[in-house]
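Given next are the chains, with one letter for each unit.
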Amino acid sequence: MHSYKPGDIETKWQKYWLENKTFETPTDTSKPKYYVLDMFPYPSGAGLHVGHPEGYTATDIIARYKRMNGFNVLHPIGWDAFGLPAEQYAVKTGTHPRTTTEKNINKFREQLQAIGFSYDWDREVNTTDPDYYKWTQWIFLKLYEKGLAYEDEVAVNWCPELGTVLANEEVVDGKSEVGGFPVVQKPMRQWMLKITEYAEQLLEELEELDWSESLKEMQRNWIGKSIGAEINFEVSGYDEQIKVFTTRPDTIFGATYMVLAPEHHLVDSISTDEQKEAVEAYKDEAAKKSDLDRQELSKEKTGVFTGAYAINPANGEKIPVWIADYVLASYGTGAIMAVPGQDERDWEFAEKFDLPIIRTVQPDEDFEGKAYTGEGPAINSGFLNGLNIVEAKKKTIEWLEEKGVGTKSVNYKLRDWLFSRQRYWGEPFPIIHVDGEPKPLPESELPVRLPEVDKYEPTGTGEPPLANAKDWVETTDPETGKKAIRETNTMPQWAGSCWYYLRYISPDFDGGPVDPDYENYWMPVDLYIGGAEHAVLHLLYARFWHKVLYDLGLVSTNEPFQKLVNQGMILGEMEYTNAEGEKLSDEQVEKKGDDFVLKGTDTKVEARAHKMSKSRGNVINPDHIIDEYGADSLRLYEMFMGPLEQVKPWSTKGVEGVNRFLNRVWRLLVDEDTGKIHSKVKDVEAQKKHLKPLHEAIKKVTEDIEGLRFNTAISALMIFVNEANGWDVVPESVAKKFVKILNPFAPHITEELWRLLGHEETLAYKGWPEFNEEYLKEDAITYPVQINGKVRANISVPAEKAKDKDYVLAMAKEEEKVAKYMADGNLVKEIFVPGRIVNLVVK
RNA sequence: GCCAAAGUGGCGGAAUUGGUAGACGCGAUGGAUUCAAAAUCCAUUGAGCUUCAACGCUCGUGUGGGUUCGAGUCCCACCUUUGGUACCA
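Focus on the overall build of chain A
So, step 1. Secondary structure summary: chain A contains 27 helices and 35 strands in total.
So, step 2. If one aligns the C-alpha atoms of chain A with their principal axes, the spans along those axes are about 100 × 85 × 60 Å.
So, step 3. Out of the 843 residues in chain A, the part that is buried amounts to 52%.
So, step 4. Long-range pairs, those at least 24 residues apart, make up 70% of the contacts in chain A between residues at least 6 apart in sequence.

Focus: the protein's contact with RNA strand B
So, step 1. As a structural note, the neighbourhood of RNA strand B is formed by 55 residues, with Thr247, Lys301, Arg345, Arg836 and Asn839 the closest of them.
So, step 2. Between RNA strand B and arginine 836 there is a distance of 2.4 Å, counted from a base oxygen to a side-chain nitrogen or oxygen.
So, step 3. A per-element tally of the surface near RNA strand B places helix α22 (residues 710–724) first, with six residues.

Looking at helix α7 (residues 213–223)
So, step 1. Leu215, Lys216, Gln219, Arg220 and Ile223 are the residues of α7 that are buried. The arc that holds every buried residue of α7, seen down its axis, measures 140°, which confines them to one face.
So, step 2. Summarising the contacts, the buried residues of α7 are in contact with α6 (199–204), β10 (225–235), β16 (406–412), α17 (537–551) and β23 (564–567).
So, step 3. Glycine 224 occupies a position one or two residues after α7 and carries a positive phi of about 55°.

Focus: helix α1 (residues 6–19)
Side chains that are three or four residues apart share a direction in an α-helix, a result of its 3.6 residues per turn.
So, step 1. Between the first and last C-alpha of α1 there are 20 Å, a value that for 14 residues agrees with the 20 Å anticipated at 1.5 Å per step.
So, step 2. Within α1, the full set of buried residues consists of Pro6, Ile9, Glu10, Trp13, Gln14 and Trp17. One face of α1 carries all of its buried residues, which in axial projection span an arc of 125°. Among the exposed residues of α1, those oriented more than 90 degrees off its buried face are Asp8, Thr11, Lys15 and Glu19.
So, step 3. Turning to α1, the residues buried within the fold contact α2 (52–68), α4 (97–113), α18 (622–629), α19 (631–640), α20 (652–669) and α24 (747–756).
So, step 4. At the C-terminal side of α1, lysine 21 shows a positive phi close to 45°.

Re the domain arrangement of chain A
So, step 1. Looking at chain A, the domain boundaries give domain 1 (22–130 + 498–567), domain 2 (139–205 + 416–486), domain 3 (225–411), domain 4 (570–608), domain 5 (620–774) and domain 6 (778–842).
So, step 2. Each of domain 5 and domain 6 has a C-alpha centre, and these two points are 39 Å apart.

Some thoughts on the sheet that holds strand β5 (residues 149–159)
So, step 1. Taken together, four strands build an open sheet; the order of strands is β6-β5-β9-β17 and the sheet is antiparallel. Only two strands of the sheet have a single neighbouring strand rather than two, namely β6 (164–166) and β17 (417–418).
So, step 2. Sitting on the sheet, helix α5 (residues 130–145) is in contact with β5 and β9 (184–193), with an inclination near 90° to β9.

Details of the pattern of salt bridges
It is possible for side chains of opposite charge to pair when their charged atoms get near one another.
So, step 1. Going through the model one piece at a time under the given rule, you end up with 43 salt bridges.
So, step 2. The partner of arginine 635 in a salt bridge is aspartate 60, and the shortest N-O contact between them spans 2.8 Å. With arginine 635 in helix α19 and aspartate 60 in helix α2, the pair connects residues that are 575 residues apart, well separated along the chain.
So, step 3. Taking the relative accessible area as the measure of exposure, arginine 635 reaches 0% and is therefore buried.
So, step 4. One salt bridge connects arginine 543 with glutamate 559, and the closest N-O pair in it is separated by 2.8 Å. Here arginine 543, found in helix α17, pairs with glutamate 559, found in the loop between α17 and β23; they are 16 residues apart in sequence, far enough to count as distant. One exposure class covers both arginine 543 and glutamate 559, and it is buried.

Each value, and the rule that gives it
- Residues numbered from 1 in each chain as written.
- Chains lettered and ligands numbered in written order.
- Predicted model: local features only at pLDDT ≥ 70, side-chain atom pairs only at ≥ 80, totals over all residues.
- Heavy atoms only, no water.
- Helix = DSSP H or I, 4+ residues; strand = E, 2+ residues; numbered from the N terminus.
- Buried < 20%, exposed > 50% of the residue type's maximum accessible area, 1.4 Å probe, protein only.
- Contact = heavy atoms within 4.5 Å.
- Near = heavy atom within 4 Å.
- Polar contact = N/O pair within 3.5 Å; in protein donor to acceptor, adjacent residues only side chain to side chain.
- Arc of directions from axis to C-beta.
- Expected span 1.5 Å × (residues − 1).
- Domains from an automatic or database assignment.
- Pairing = 2+ DSSP bridges.
- Axes fitted to C-alpha atoms, helices over the stretch in contact; angles between N-to-C directions.
- Salt bridge = Lys/Arg side-chain N within 4 Å of Asp/Glu carboxyl O.

Okay, structure coming up:
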């Protein structure tokens, strides 16, 4: 028997591709290029899960399709291999993270190769390789030289359990994203990157990118641009001013009090003696609060009066100055003018502390709420009265500027990027401290390698693990010979992934991060696919670095990723659970109305698919799927499940379905007794009945690949095979074209079939078939005939008469059933849509 | 709360610019093959009504309205789910 045996075929071709370097990236730059990139994985100990191959199969299909269309394709993979898990494992077991990482990478590589991805394996990059992080450090030096990297004493998210500082995005609900440990605020010396300097560009240049609107919107929200004014308020009795930022300068007449963040620099100097004690107590309280506390207590506003008064420049009124933690030190100027009439937070605060409220915008008549934030004419606002918000804003700003007490201003939510971590397993900074001042190392000192250490824990005082490596820390300044101390922080995991797409272009280049000649050819990335979890951070950070490199003249494009798609998460199998959370089998459950119920009862049952997780026990291991059904089936199923970007539940039954399809393909072309090409595959001229389904498939598959609609492309391939299975003879030319268009989806079986069809060379570079509209034409067109919008009959019209309105309408009216309906009333309207439909309106 | 996306059979999902809703696959039912099973092949499969049967009819794309000869698709209001965000002045 020579039935379809994916195991044999797949290992054979994977070996062939590797040995022959089939997917080596071409180095000639004469042909059009296509750079198709995957988000490289963190090689975890758990190995690949079924989520990885989803995006990877999509890009692989594109890569293979583009090669067959004559493009030079760059399709690389690598490892984002710095990271906390390997370090935590090292803390526990003493195993060097390098050892763990290497082992995991080998496992990942093996798994990826077993799925038949057409990566150029000579271009792997590994962020933990000194030859790679040399250039990460080099880019950091450039950032430093440009003044974009600086040290600062900042309140950071300190996680005592992990012994490290976390970035805001690594803190979820006041706990560490990894491990769920409590996080507190602690001031520490840290490296920062001035991403805020690029805020406007990062926002503006989103426009030209071919990214989903929702993704762009997420980045816009993260950057959080707001336009308004800065206004100075004199403090009564002091030679001080409080500067505030507001998006609603038009409401200034309603500013009845002011609030400073507890950390504001003027708090101490303006507090009166009577209030000093209360102010100090409040400050202490606020400082102790963790993020979690601030959020939990956020429902109830708190604050303390400083005893000081400011002068509202609009009307000269004395207004009290308070401190409250609902005003953030890190946004705007750390102080606000409170306008309770038009701001919900201020209203709440004013109500609680009995502060005056003045409306300065006339609410709609039926408005019943408290603070009014909608449109309306200005009231109680002196010279602004009657103006709408936009006009009033403009006029206020003009007035402020004239008086010299304020100016138009723009603010961003985006903060500078906290760029250091107290960890071992990360890139060391190319920085030494001489006489207490930071100093960059010269390029010739790169890479600064990670030292060997005995233990991987932080010192406990917050000193990073590298501080334990005394011999390494204590060094000399190569320029002056002075004693120096190395920086012991390391870079965050994001660093390596900020520029890896450039390294693939020239992985061995030693004159810089990327060879300019090839950079110019390959950039930008034409298609980038990865998980939505990186929608904001990785993509924002990478864009930032890229723009810096662009400004330095090191890259030729201002944006790295032209088109970007997020694949949707794959959930576990659909599960039915009762109120107690116990799993039920399909047989125990039925649908009743809108709900699922326990069979024969009214007891509702929850029916849904859950995120895959070890604790739930619903994790699907791709290795098992490959063992059972083969890599081609895995690939095909992952693409057939549904639209790439959508979240969708896994179904192993579905894998069986596509596996059956591949079996049908095999039996269509191979004689299972001999293992040779089936005798019904003949070198004869193809007829219309063969060519029509074939070209329909070619057309649909081509268009759907271009549009990343792989699920419907596969459906078209299935339709062709269902049709072809009914043929007595399969023309060889038709068989070959079909094998070609199936190839990007199921590369192993198609290589094998191509070989059986008598070819020695790989199919990977054979031309993609073109479809011919001629073959798609129908001999006869079927028109549905509607009476008052309901289909009552179908008529068949010869193709050459199909566009002839009079002819088609006449045909329609002759139809017996149609005539019957027409007899019941008068024909008032005839609608004829060529090639589509006939509708007769009868009354 | 705010922002964004999405609601279609038992399930995953199809459906050009508004033009026959349910392609393709899973599951299910019946049949063929088999000593039997697996595999394979054939047929049926949105719900309901009528009929000996064929034909036919009614309803049906989250809910309620609207526009149109015609709405899954467009407009208005609402409900639900998912993702993001969270005192950002």
